[in-house]
Every structure is written in C-alpha cells, then in structure tokens.
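Reading the structure
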Amino acid sequence: MNDYQAPVGLLADKVILVTGAGAGIGAEAARQYAALGATCILLGRTVAKLETVYDEIVASGAPEPAIIPLDMKGATPAHYTDMARTIEEQFGRLDGVLHNASVLGNLSAFEDIPDDEWLEVMQINVNATAFMTQKLLPVLRQADKPSVIFTTSSVGRKGRAFWGTYSVSKFATEGMMQVLASEYENRAIRFNCINPGGTRTSMRASAFPAEDPMTLKTPADIMPLYLYLMGKDSLDVTGQTFDCQPK
Ligand code: NAP
C-alpha cells in the first residue's frame, strides 16, 4: 500500500475530518485529500495554522474546506456532540475521519512523569479521540462506506523506556481501533491504524533533537497509505494496523 497511486478524483464529494490539520502529517493529509476532491474539515487548536492550510487548499482550486478550531485538551463530550450536529447540519454525513492530532509529552522515566502531564497526554491522545469518535458515529453512519483512521506509533505496539505516557496512549489507540473494528465487523464503517514511522515534523524533532531531519521521510512521502485507507480501494480492510515505513 506504500506505493499506492491514488486515481484522480478518488475522494470526490467525500467529506473528511482531519484532526491536527494545521501542521505536520495532518496538514499534508488534508491538502492531499482535498486535491483528490474531498471537502476537508480542518480541526486543530491553532487557528492561524488552520487558516494557512485553508488558504493553500482554496488557492489550489480544490473544494473549499471548513475549519473547526478546537483544543482537544479542554474539549468535553458535549463539544463533540455539538460538532457532530454541526457536521450533520452542514454536510448531512461524514465519509472519513483521520485521527491525527496528538502530543508527545516529555520523555522521562515512568517514576518521574508528572501527574498533570500524564493526564494531559491521555486527555488529548485517548479521551478526546474516544469521545470524538463516539459522538461522530451517527453522522459516519449516514455515509456510504466511511473510513476511520487512527494514528499509532511503533511505541504503541512495543513499550519503550522513557516514552511512558505517549507509548501507553498509543497502545490505547490501537485498542480503540480494534474494539471499534470488531463491533462494526460486517457493517459499513471501517477502522484502521497507521504508524507513520519517523517523519520530518516538529513532533519528531522534539523527540530526537540531535537527529538530522533531512534523513527522514517527509509527510508527503508517506501519504500513499493515508490515501489508500481513505478511498474506495480499501473497502474490505478493517481492524488492521499499517506501517508507512516497514522495517
Ligand atoms: P505535529 O507536527 O506535532 O502535529 C500535531 C498536530 O496535532 C498539530 O497540528 C497540533 O496542533 C495538533 N494538536 C496537538 N495538540 C492538540 C490539541 N490539544 N487540540 C487540537 N489539536 C492538537 O506532529 P506529527 O509528527 O505531524 O504527528 C501526527 C501524528 O503522527 C501524531 O498522532 C503522532 O503521534 C504520529 N506519529 C508521528 C511520527 C513522526 O515521526 N512525526 C511518528 C509516529 C507517529 P498545533 O500545530 O496547533 O499545535
């Protein structure tokens, strides 16, 4: 799937929500989904970054996106209920979700993880993603064969020293995807995980400050899997976790 070549118009008339759409992998996914015809809903916490992506998409001639400024740290389940209602009123359905937003937290020994940092990373990476998914299910069911993609990490499959909170949050993400895929087996919605692998973004730079970013793949390099899992060529694929950069 990492050499997947998306046909022109793959996502024509699709409505796709991308979280963390203002930077890094999420911004690139939104630009590419839009280029393939999708109307993207750009969700993130920094409005200026979302507006930059919005402007790029509009300037490219792709369908005009929508913006949802939302800090997942403070958002409650009621915010996601309102968000789902707004999406249903405006678009009538939701064809895809890319759960991409997350935070790394500080890398430290498990014993030294501050209480508030544990709670914050879990709130953004796990709780917010779970509540958002839960509240979006009714509007996803309005679509024809929708796709929900979660973003995992290699430390979400094998625990790694000093990556405590982030690592545990990604195990939870993989578990959430599996539970939903099992519940929706033989039903329309598919749920999968993508592990981007080391990718040239600000999150990677904060995890590996000594690394030369030019040795890493860019978000654009890893997009084939993001396109494959969102489009019609993966209709029967669910409950799986994929690596953009398999070892
Ligand atoms: P990034 O450049 O740091 O982007 C993260 C995005 O999430 C940003 O747009 C950020 O918004 C948004 N975000 C963070 N906290 C948020 C909050 N409270 N509310 C709303 N949005 C929030 O990271 P990335 O490298 O592109 O990572 C994307 C995904 O890939 C993440 O799930 C990450 O765990 C995963 N991943 C990345 C790598 C890698 O090497 N890059 C490897 C494995 C997995 P702001 O820009 O406004 O802060």
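The structure we're discussing is the one just above.
Everything quoted here is computed from the prediction, not taken from an experiment.

1. Comments concerning the overall build of the protein chain
The number of helices and strands found in the protein chain is 7 helices and 7 strands. Counting from the amino terminus, the protein chain carries its helices and strands in the arrangement β-α-β-α-β-α-β-α-β-α-β-α-α-β. In the protein chain, buried positions account for 49% of the 247 residues. Long-range contacts, defined here as pairs at least 24 residues apart, represent 73% of the contacts in the protein chain between residues at least 6 apart.

2. Some thoughts on the side chain of Glu174
One can find Glu174 in helix H5 (residues 164-183). You can call Glu174 buried: its relative accessible area is 6%. When near neighbours in sequence (up to four residues on either side) are disregarded, Glu174 contacts Thr152, Gly156, Arg157, Cys193 and Thr241.

3. As for unusual backbone geometry
One non-glycine residue with positive phi stands out, namely Asp13, at about 70°. Mapped onto the elements, Asp13 comes out in the segment before strand S1 (15-19). Under the relative-accessibility criterion, Asp13 is labelled exposed at 63%. With a phi angle near 55°, Lys145 is a residue other than glycine that sits in the positive phi range.

4. Considerations on the site of the ligand
Lining the immediate environment of the ligand, one finds 31 residues, of which Thr46, Lys49, Asn100, Tyr166 and Thr201 sit closest. One nitrogen or oxygen atom from the side chain of Lys49 is found 2.6 Å from an oxygen atom belonging to the ligand. Counting only elements with at least two residues in the shell around the ligand, the list comes to helix H1 (24-35), H5 and helix H6 (202-207). Per element, the largest residue contribution to the shell around the ligand is 3 residues, and it comes from H6. Taken together, the residues of the shell around the ligand sort by class into 10 nonpolar, 15 polar and 6 charged.

Reading the values: the criteria
- Residues numbered from 1 in each chain as written.
- Predicted model: local features only at pLDDT ≥ 70, side-chain atom pairs only at ≥ 80, totals over all residues.
- Heavy atoms only, no water.
- Helix = DSSP H or I, 4+ residues; strand = E, 2+ residues; numbered from the N terminus.
- Buried < 20%, exposed > 50% of the residue type's maximum accessible area, 1.4 Å probe, protein only.
- Contact = heavy atoms within 4.5 Å.
- Near = heavy atom within 4 Å.
- Polar contact = N/O pair within 3.5 Å; in protein donor to acceptor, adjacent residues only side chain to side chain.
- Nonpolar A, V, L, I, M, F, W, Y, C, P; charged D, E, K, R; others polar.

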